[in-house]
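Single-letter residue listing:
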2 protein chains.
Amino acid sequence: MSINSRFAVAVHILALLALENRPLSSKYIAGSVNTNPVVIRRILSLLSKAGFIDTQLGVDGGSTLARSADTITLLEVYNVTEQGQLFALHSNQPNPLCPCGRNIKPTLLTVFKKAEAALEGILAEATIADVVQDIEAQLQSQS
Amino acid sequence: MSINSRFAVAVHILALLALENRPLSSKYIAGSVNTNPVVIRRILSLLSKAGFIDTQLGVDGGSTLARSADTITLLEVYNVTEQGQLFALHSNQPNPLCPCGRNIKPTLLTVFKKAEAALEGILAEATIADVVQDIEAQLQSQS
DNA sequence: AAATCTGTAACAATAATAGTTACATTTTAT
DNA sequence: ATAAAATGTAACTATTATTGTTACAGATTT
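Residues numbered from 1 in each chain as written. Chains lettered and ligands numbered in written order. Predicted model: local features only at pLDDT ≥ 70, side-chain atom pairs only at ≥ 80, totals over all residues. Heavy atoms only, no water.

J.: Pulling in residues and values, what's your account of the relation of the copies chain B and chain A?
T.: Rotating chain B by 180 degrees about the axis while translating it 0.0 Å along that axis superimposes it on chain A, leaving an RMSD of 0.0 Å. On the angle and the small slide along the axis, the relation comes out as a two-fold axis. Interface overlap between copies: 100% of the residues of chain B at the interface are likewise at the interface in chain A, consistent with a symmetric, same-surface contact. (Least-squares fit on C-alpha atoms with pLDDT ≥ 70 in both. Contact = heavy atoms within 4.5 Å.)

Right under this line is the structure:
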């Protein structure tokens, strides 16, 4: 299974807000992401609760970045859009009467936590500003 | 979402095979994992195709390790039980008319691949033998 | 007052997982 | 030979998560 696409879409949204630098409606964003505005609003709601964006109701309303793009790391976005452990352990408790069953979980947890920390380390190194810069570099080479 | 529990169960199975060092039936293994034997057989089938175990039909049959436990890394097991990308991209193609929509995917892919590689690096460092050793150390402290 | 936008509920469609029963086939032990 | 035991896989169910969709109440701006 995969880490769901909410993370990718959330980064897309934040990068778009940084690029356009004006209030964008969920409908407009949905046009860029190519999905339904409600899907966008659900993610905007998460981002808003996390303090990444401000939203404005009414005509010409929409969302804007509440924090500078270079202070928002992909790890923060990841943590907002994903919850729980990356690696699933056994769905049922292994047999406590078995030496292996009794002791496998802590062993696995140690490795899983290390692997997850390594992944998060990379995500912590990149910011929305980096994503924007990358996109702008591609735009340059397209003109 | 999570990486499914097949990975955790597969490591459990291989560690059990290493610990007991004799042919184990799917029924026996299911007793340790605490699940249905068919769930185990499905994973054994993957491990067998990958060359990690040999299986023997008939009375007193079962599975044994085909390779030494210290040569099987958790990364190899991960690759057998998981397939496809860890991070999902947008489910629909973003709008190619939008500068952000047109260019976000390669940018995301770069970061996602780096993060996945970091995770895999940790998994590559640990072997089934390490897991067994860890379990045996816990058993020591329990006696 | 009208237009626009959010936020959320509710529902459908899709997909993956885990568990289960069933059974044909193979192999070993006696 | 025969019975027992084991695999491998098909088929089905239940559960869960995600994504997309319609609908609508409430807030805000012009």
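J.: Lay out helix 4 (residues 74-81) of chain B in plain terms, naming residues and giving numbers.
T.: An α-helical turn contains 3.6 residues, so any two residues separated by three or four positions project in the same direction. Judged by how many residues are buried, helix 4 of chain B sits mostly within the fold: 6 of 8 residues are covered. Within helix 4 of chain B the residues assigned to the buried category are Leu74, Leu75, Val77, Tyr78, Val80 and Thr81 of chain B. Where the residues of helix 4 of chain B are buried, they touch helix 5 (99-125) of chain A together with helix 1 (6-20), helix 3 (37-49), helix 5 (99-125) and helix 6 (128-142) of chain B. (Buried < 20%, exposed > 50% of the residue type's maximum accessible area, 1.4 Å probe, protein only. Helix = DSSP H or I, 4+ residues; strand = E, 2+ residues; numbered from the N terminus.)

J.: Break down the protein's contact with DNA strand C for me, with residues and values.
T.: In the vicinity of DNA strand C, 29 residues are found, and the nearest of them are Ser26, Leu57 and Asn92 of chain A together with Ser5 and Arg42 of chain B. The sugar-phosphate backbone supplies 63% of the atoms of DNA strand C found within 4 Å of the protein. Ser45 of chain A has a polar side-chain atom sitting 3.2 Å from a phosphate oxygen of DNA strand C. Mapped onto the surface near DNA strand C, the elements with two or more residues apiece are helix 3 (37-49) of chain A together with helix 3 of chain B. Top element by residues in the surface near DNA strand C is helix 3 of chain A. It accounts for 5 residues. Among the residues forming the surface near DNA strand C, the class breakdown is 8 nonpolar, 15 polar and 6 charged. (Near = heavy atom within 4 Å. Polar contact = N/O pair within 3.5 Å; in protein donor to acceptor, adjacent residues only side chain to side chain. Nonpolar A, V, L, I, M, F, W, Y, C, P; charged D, E, K, R; others polar.)

J.: So what's going on with the protein's contact with DNA strand D? Which residues, and what values?
T.: DNA strand D sits among 30 residues. The nearest are Ser5, Arg42 and Gln56 of chain A together with Ser26 and Asn92 of chain B. The sugar and phosphate moieties of DNA strand D supply 64% of its atoms located within 4 Å of the protein. Ser26 of chain B is positioned with one of its side-chain polar atoms (N or O) 2.7 Å from a phosphate oxygen of DNA strand D. The separation between a base nitrogen of DNA strand D and a polar side-chain atom of Arg42 of chain B is 3.4 Å. Elements supplying a minimum of two residues to the surface near DNA strand D: helix 3 of chain A together with helix 3 of chain B. Here the surface near DNA strand D takes 5 residues from helix 3 of chain B, the largest share from any one element. For the surface near DNA strand D, the per-class residue count stands at 8 nonpolar, 15 polar and 7 charged.

J.: Tell me what's going on with unusual backbone geometry, and back it up with residues and numbers.
T.: In this structure, Asn21 of chain A takes a positive phi of about 55 degrees despite not being glycine. Structurally, Asn21 of chain A can be placed in the loop between helix 1 (6-20) and helix 2 (26-33). You can call Asn21 of chain A exposed: its relative accessible area is 67%. Of note, Asp60 of chain B is a non-glycine position whose phi angle comes to about 60 degrees, a positive value. As for its placement among the helices and strands, Asp60 of chain B is situated in the loop between strand 1 (53-56) and strand 2 (62-65).

J.: Can you explain the nonpolar core? Please cite residues and give values.
T.: Grouped together as the largest cluster of nonpolar side chains are 90 residues, with contacts concentrated most on Phe87 and Leu123 of chain A together with Phe87 and Leu123 of chain B. Leaving out residues up to four positions away in the same chain, Leu123 of chain A has contacts with Phe7, Thr73, Leu74, Leu75 and Tyr78 of chain A together with Phe87, Val111 and Ala115 of chain B. (Core = buried A, V, L, I, M, F, W, Y, C linked by side-chain atoms within 4.5 Å.)

J.: So what's going on with the interface of chain B and chain A? Which residues, and what values?
T.: Of the residues lining the interface, 56 residues belong to chain B; the matching set on chain A comes to 56 residues. Both sides of the chain B and chain A interface together cover about 4700 Å² of buried area, and 65% of this is carbon and sulfur. Connecting chain B to chain A are 0 salt bridges. Those elements that provide at least two residues to the side of chain B that touches chain A are helix 1, helix 2 (26-33), helix 4, helix 5 and helix 6 of chain B. Here the side of chain B that touches chain A takes 17 residues from helix 5 of chain B, the largest share from any one element. (Buried area = accessible area lost by both parts, 1.4 Å probe. Salt bridge = Lys/Arg side-chain N within 4 Å of Asp/Glu carboxyl O.)

J.: Tell me about the state of the cysteines, and name the residues and values.
T.: All names here are of chain A. As enumerated under the stated definition, the model contains 0 disulfides over all chains in all. Take Cys98: it sits in no disulfide, and the sulfur closest to it among the cysteines is that of Cys100, at 5.2 Å. Judged by its relative accessible area of 8%, Cys98 falls in the buried class. (Disulfide = S-S within 2.5 Å.)

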